[in-house]
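Close look at the chain arrangement
The primary structure of each chain is shown beneath.
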Amino acid sequence: MGRGAQVVTVADGQAGRSTGGAATDAAGPSGGGGGADDAAGPAGGGGVARVTRALRAVPVPLALIAMIGLAGAVLGRVYAGPLLTWLVLGAAIGSVLVSVAARRLPSWLVAPVSVLAMAGWTAWSLRLTATRAELPGGLAEVTADAAANGIPRLLTAMIPVEPTPDTVLVPLVAAWLAGLAGAEVAMRAGRVLLGYLPPVLLYAAALYVVGPNADPAIGPTLALVAVAVLGLAVPPRGAAGADAAAGLAPAVRAAVRARLAAASAAGLAVVVGLVALLGPLLAGQVDGRPVDPRRYVEPPQVETLDENPLIRISGWALNPGQQLLDVRTQRSGPPGSVPAEEPGPTPGPGAAARPVPIRLAVLSDYDGVTWRVGATYRNAGRILPVTAPAADSTVETVRQEITVAGLSGRLLPAVATPRQVTGARVAYDPTTGTLIRPEGLTPGLRYGVTSALETPDFNLLATADVPAGEEVARVLRVADGVPEPLRRLAAQLAESNGAPYARAAAVEQFLAEHYRLVADAPSGHAYPNLNFFLFGPRNAGGQRGTSEQFAAAFAVLGRLTGLPTRVVVGFRAAGDGPVRAGDAYAWPEVLFEGLGWVPFDPLPRPDEEPRPVEEDFRPTPEEPPPSEVPEPTVEPTVSPEPVVAPGGPAGSGGPSTALLVGGGTGGMLLLVAAALLALLTMRRALTRARLERGDPGQRIAGAWREVTDALRLAGHPVGGDLSASEVAAHARAVLPVADARTETGTPADPAGPDPAGPGRPDSEAGEADLDARLVGLAGLLNQVAFAPGTATAEQAAVAVTTAGDYVARLRAARPWWRRVLWAVRPGPLRWPR
């Protein structure tokens, strides 16, 4: 009987191997040598065996699903609501169950079946998120847009990220492919530990995308480890679950089991050693601030007219009848709330509420030449981040439906402070509260905005203080070059007004009483323009201007008296109906503690004749300066440039062996391709940010970093103790080595050497020219370091060209496979700068 039992067990094991583990369902338990007993045993014993086998097959699929679900939960911490977590969990369940259901199919057929199921789940998820986000367009249009812009929008989206098609597509596809690859390797091949690699990589990618925007994921990480241990504790059903020593002679079986035990002990010792070695290093990183990948991706940008819409005021004033918007407004507020008013002085008792202004942009930065928004826009969903209102203010809810008519650009008008936007994809800067539509405004665009309008308690203004410190340094900064008359006027207005509100009211009253509001004044708000507006003779065009000059003059004078100020551009909306160009104007705001930003109205009253400035102030008049910009006309609508995101057709490679790789190879190739595309995108974005953004000095420094990074990529790093001139000499010395490598690795010029002279004179001339330019680049870097602000745009252009030529020359000298990897090496993204 013993020998017969061995024969039956060996036969069963062979049948199981020939059918990929399917025959083990009919055989006895996978434990050693009991197959004949189970076959001959009572029916009750066979039922228990089947239950046991089923239970042994459950832990690994459940572990894979749980690990992918934990990755979704970690990533979902930066999303609004739990929808993304549930969608990723659904992708995990679907991908693993498809592999379980198709385990009897050939391995090469599993991947196509799973990809079809992934397409169905992804299409349903995109339709669900598009419906919840109220996005227009059909499924094909939504899917194409999400595929083209998924990665950049995910990395530029405002946190919390709203689950929309373009922000859920990449996580869903990555989760499904991780489940497919992990299930095929862990269950079909029986390599459970290797099968854990795709979910672990997905989890690490989720942590990287979250970055410093959420608390450390200690709990989910411990849960991931626990789930992985649970899956490893119970071997899977099939080949990997069978006793390797079954059917062998007792002596041989004992030897095999001893070797397996020794191998397991050695593996355990290696794991314990790695934990002891790497544990302290990893623990030390728990409190460290992780890298935010969003800093490598350029957020949405705007044109000059949107960065400084203040210069559009004069153009709109010359064509006041042009319709820009059509507005429908609904207002509601808490019991006892006071309706907000237009910018102006503190209302007296019984003052009637007036329509609230629609804000186009908030300009906080002033360099003595121009006011700028200076915003960092992040793609946002319908729900915008909520900021706590000022302590001593009431909040009124304002809902508006706005239809764009003749307004151009990207700035999206809305009542302050927007909380929800429907009908348009927007990007938002929470610091200034400014909205843009990255695709640009088009006639007929209709969108809805729900805003939380704050109204300060005007009774507290007289005693309110203004904040100070680093948080408000941006709105207190006074650029260099202030004309002396402006300083003397600010000192005169602040001399007899100690309280902050008294100073602001004095500036407001002085401007309203001494200057005339006109529609044909040229645009300009630089220091010379403001000096002429305030003190120029009336018969030469001084002491008159549009709301641009009034608001800019108030803001500058306010900062000179210690008030945190900013300029706002917007429109007066007289109830429901059209908003025309003549309704556009600018007003200043002052920040008070506990009350927030309070608007002021320095414009003169229509029925009052301005008093001569000379009655109260007598500076030396100056000649009128040239207009800051040409007198603007009505701007044509600028067609937005299309945003192209990296992407490519997904391909899957065939498995090298059906047993170990199967359909999982295609999924792993897709993950690797996605990672390479992401690295390529971030490297190119970093190079563009260095060479194209910022002032000339910043671009010169960026060009120098491109050169030093190229040296490091080429295997010739620069020591931190070298001067710029020494680094340039080092870079020049590397080039001959690079040229020698090129001559060795590639054929010589077919034309042969020039008979007119030895060697290659053209190449040597180009090398000498590049050497000279490298020396010049080092000189420019020293100029930027020791004389900030003196670099010119032409010098920056020369530095950028020199860096590009040098990097191209150095890269061309590398072997072909190093040239391929040059653009995707992640080193420059993490090297200190």
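As a reminder, the structure under discussion sits directly above these lines.
Note that the coordinates shown come from a computational prediction; the quantities given were computed from them, not determined experimentally. (Residues numbered from 1 in each chain as written. Predicted model: local features only at pLDDT ≥ 70, side-chain atom pairs only at ≥ 80, totals over all residues. Heavy atoms only, no water.)

**Structural notes on the overall build of the chain**
When helices and strands are counted, the chain shows 25 helices and 16 strands. Counting every position in the chain, which comprises 833 residues, the buried fraction comes to 44%. Carbon and sulfur atoms make up 62% of the accessible area of the chain, which totals about 39200 Å². (Helix = DSSP H or I, 4+ residues; strand = E, 2+ residues; numbered from the N terminus. Buried < 20%, exposed > 50% of the residue type's maximum accessible area, 1.4 Å probe, protein only. Areas by Shrake-Rupley, 256 points an atom, 1.4 Å probe, with all protein chains shown as cover.)

**A look at the packing of aromatic side chains**
In total, this model carries 11 aromatic pairs according to the counting rule given. Between Trp316 and Phe571, the ring centres sit 5.6 Å apart and the planes meet at 55°, which makes this aromatic pair tilted. You can see Trp316 sitting in helix H14 (residues 313-318) and its partner Phe571 sitting in strand S13 (residues 565-571), a full 255 residues away along the chain. For Trp316, a relative accessible area of 2% translates into the label buried. If you follow Arg572 out to its NZ or CZ, it ends over the ring of Tyr585, 3.8 Å from the centre. (Phe/Tyr/Trp six-rings, centres within 6.5 Å; stacked < 30°, edge-to-face > 60°. Lys NZ or Arg CZ within 6 Å of the ring centre and 35° of its normal.)

**Notes on the environment of Pro612**
Residue placement: Pro612 occurs in the loop between strand S16 (596-599) and helix H19 (664-692). Between the C-alpha atoms of Pro612 and Gln543, which are 69 residues apart in sequence, the distance is 8.6 Å.

**Remarks on a nonpolar patch on the surface**
Together, Trp816, Trp817, Val820 and Leu821 give the surface a local cluster of nonpolar side chains, amounting to about 470 Å² of exposed area. By secondary structure assignment, the location of Trp816 is in helix H24 (residues 816-822). Its relative accessible area of 62% is what places Trp816 among the exposed residues. (Patch = residues over 30% accessible without salt bridge, like charges linked within 9 Å, V, L, I, M, F, W, Y side chains within 5 Å. Salt bridge = Lys/Arg side-chain N within 4 Å of Asp/Glu carboxyl O.)

**Structural notes on the side chain of Glu162**
Mapping Glu162 onto the fold places it in the loop between helix H7 (139-156) and helix H8 (165-188). The exposure class of Glu162 is buried, given its relative accessible area of 11%. Apart from the residues lying within four places of it in its own chain, the contact partners of Glu162 are Tyr79, Ala80, Ala133, Thr167, Gly381, Arg382 and Ile383. (Contact = heavy atoms within 4.5 Å.)

**Quick word on the sheet that holds strand S15 (residues 584-592)**
Spatially, S2-S13-S15-S16 is the arrangement adopted by the 4 strands of the open sheet, whose pairing is antiparallel. If you trace the sheet from one side to the other, it starts and ends with strand S2 (358-363) and S16, each paired once. Geometrically, the sheet is characterised by an average inter-axis angle of 35° between neighbouring strands, direction not taken into account. Summarising the sheet, S13 and S15 pair through 7 bridges and their orientation is antiparallel. By the bridge assignment for S15, Phe571 is matched with Ala584. (Pairing = 2+ DSSP bridges. Axes fitted to C-alpha atoms, helices over the stretch in contact; angles between N-to-C directions.)

**What to know about the sheet that holds strand S6 (residues 393-404)**
The antiparallel open sheet is built from 5 strands, whose spatial order is S7-S10-S6-S1-S14. The outermost strands of the open sheet, each flanked by one partner alone, are strand S7 (418-422) and strand S14 (577-580). Taking the axes of each pair of neighbouring strands and ignoring which way they run, one obtains an average angle of 30° across the sheet. Relative to strand S10 (residues 446-456), S6 runs antiparallel, the two being bridged by 11 bridges. Following the sheet pairing, Gln400 is matched in S10 by Val449.

**Some thoughts on the nonpolar core**
Counting 85 residues, the largest nonpolar core has Trp316, Leu325, Trp371, Leu407, Leu534, Phe571 and Phe592 as the members making the most contacts within it. At 8 residues, helix H18 (residues 547-560) tops the list of elements feeding residues into this core. Core analysis: the next-biggest nonpolar cluster, separate from the first, contains 48 residues, Tyr79, Leu87, Val168 and Ala178 among them. (Core = buried A, V, L, I, M, F, W, Y, C linked by side-chain atoms within 4.5 Å.)

**With respect to helix H6 (residues 107-132)**
For an α-helix the count is 3.6 residues per turn, leaving residues at separations of three or four pointing the same way. If you check H6, its first and last C-alpha atoms are 38 Å apart, about what 26 residues at 1.5 Å a residue would give, namely 38 Å. Buried within H6 we find Ser107, Val110, Ala111, Ser114, Met118, Thr122, Ser125, Leu126, Thr129 and Ala130. Where the residues of H6 are buried, they touch helix H5 (83-101), H7 and H8. Immediately beyond the C-terminal end of H6, within one or two residues, lies Glu134, with a positive phi of roughly 60°. (Expected span 1.5 Å × (residues − 1).)

**Description of the pattern of salt bridges**
Counted according to the given criterion, the structure contains 22 salt bridges. Between Arg153 and Asp145 there is a salt bridge, with the nearest N and O atoms lying 2.5 Å from each other. Among the residues examined, Arg153 registers a relative accessible area of 12% and is labelled buried. What makes Asp145 partly exposed here is its relative accessible area of 25%. A salt bridge links Asp805 to Arg773; the nearest nitrogen and oxygen atoms lie 2.8 Å apart.

**Description of the environment of Ser725**
Among the structural elements, Ser725 can be located in helix H21 (residues 724-745). For Ser725, a relative accessible area of 48% puts it in the partly exposed group. For Ser725 and Asn782, which are 57 residues apart along the polypeptide, the C-alpha to C-alpha distance reads 8.9 Å. Apart from the residues within four sequence positions on either side, Ser725 is in contact with Ala778 and Asn782.

**A closer look at a positive patch on the surface**
A surface patch of like charges, here positive, comprises Arg712, Arg818, Arg825 and Arg830. By the secondary structure assignment, Arg825 is in the loop between H24 and helix H25 (827-830). Classification of Arg825 by relative accessible area gives partly exposed; the value is 31%. (Lys, Arg positive; Asp, Glu negative; His and termini not counted. Charge placed at Lys NZ, Arg CZ, Asp CG, Glu CD.)

**Topic: the side chain of Ser547**
Within the secondary structure, Ser547 sits in helix H18. Every residue in contact with Ser547, bar those within four places of it in the chain, is listed here: Ile313, Leu517, Tyr585, Ala586 and Leu603.

**Quick word on helix H20 (residues 696-713)**
Compared with an ideal rise of 1.5 Å per residue, which puts 18 residues at 26 Å, H20 spans 26 Å between its outermost C-alpha atoms and is within 8% of the ideal. Three or more residues of H20 are buried, namely Gly697, Ile700, Gly702, Ala703, Trp704, Glu706, Val707, Asp709, Ala710, Leu711 and Leu713. With its phi angle positive at about 85°, Gly715 sits one or two positions after the end of H20.

**Quick notes on unusual backbone geometry**
Here the amide bond leading from Ala416 into Thr417 is cis, since omega sits at -10°, within 30 degrees of zero. Relative to the helices and strands, Thr417 resides in the loop between S6 and S7. Here the phi dihedral of Gln543 falls at roughly 60°; this positive angle occurs in a residue that is not glycine. Mapped onto the elements of the fold, Gln543 is located in the loop between helix H17 (527-535) and strand S12 (544-545).

**A few points about the pairing of strand S1 (residues 323-332)**
Pairing of S1 with S14 involves 4 bridges; the strand directions are antiparallel. In the sheet register, Asp326 faces S14, and the bridge partner there is Pro578. Relative to S6, S1 runs antiparallel, the two sharing 8 bridges. When the sheet's bridge partners are listed, Leu325 is paired in S6 with Val404.

**Considering the packing of H17 against H18**
Put simply, H17 and H18 touch, their axes get as near as 10 Å, and they point 105° apart. Between H17 and H18, the interaxial angle falls into the category roughly perpendicular. Contacts between H17 and H18 involve Tyr527, Leu530, Phe533 and Leu534 on the former and, on the latter, Gln549, Phe550, Ala552, Ala553, Val556 and Leu557. Across the contact of H17 with H18, the residue classes tally to 9 nonpolar, 1 polar and no charged. (Parallel < 35°, antiparallel > 145°, perpendicular 65-115°, else oblique. Nonpolar A, V, L, I, M, F, W, Y, C, P; charged D, E, K, R; others polar.)

**Here we look at the packing of H8 against helix H10 (residues 197-210)**
H10 packs onto H8 with a crossing angle of 155° between their chain directions and a minimal axis gap of 7 Å. Considering the angle they form, H8 stands roughly antiparallel to H10. Note on element contacts: H10 touches H8 through Pro198, Pro199 and Leu202, opposite Ala174, Ala175, Ala178, Ala181 and Gly182. In the contact of H8 with H10, the residues fall into 7 nonpolar, 1 polar and no charged.

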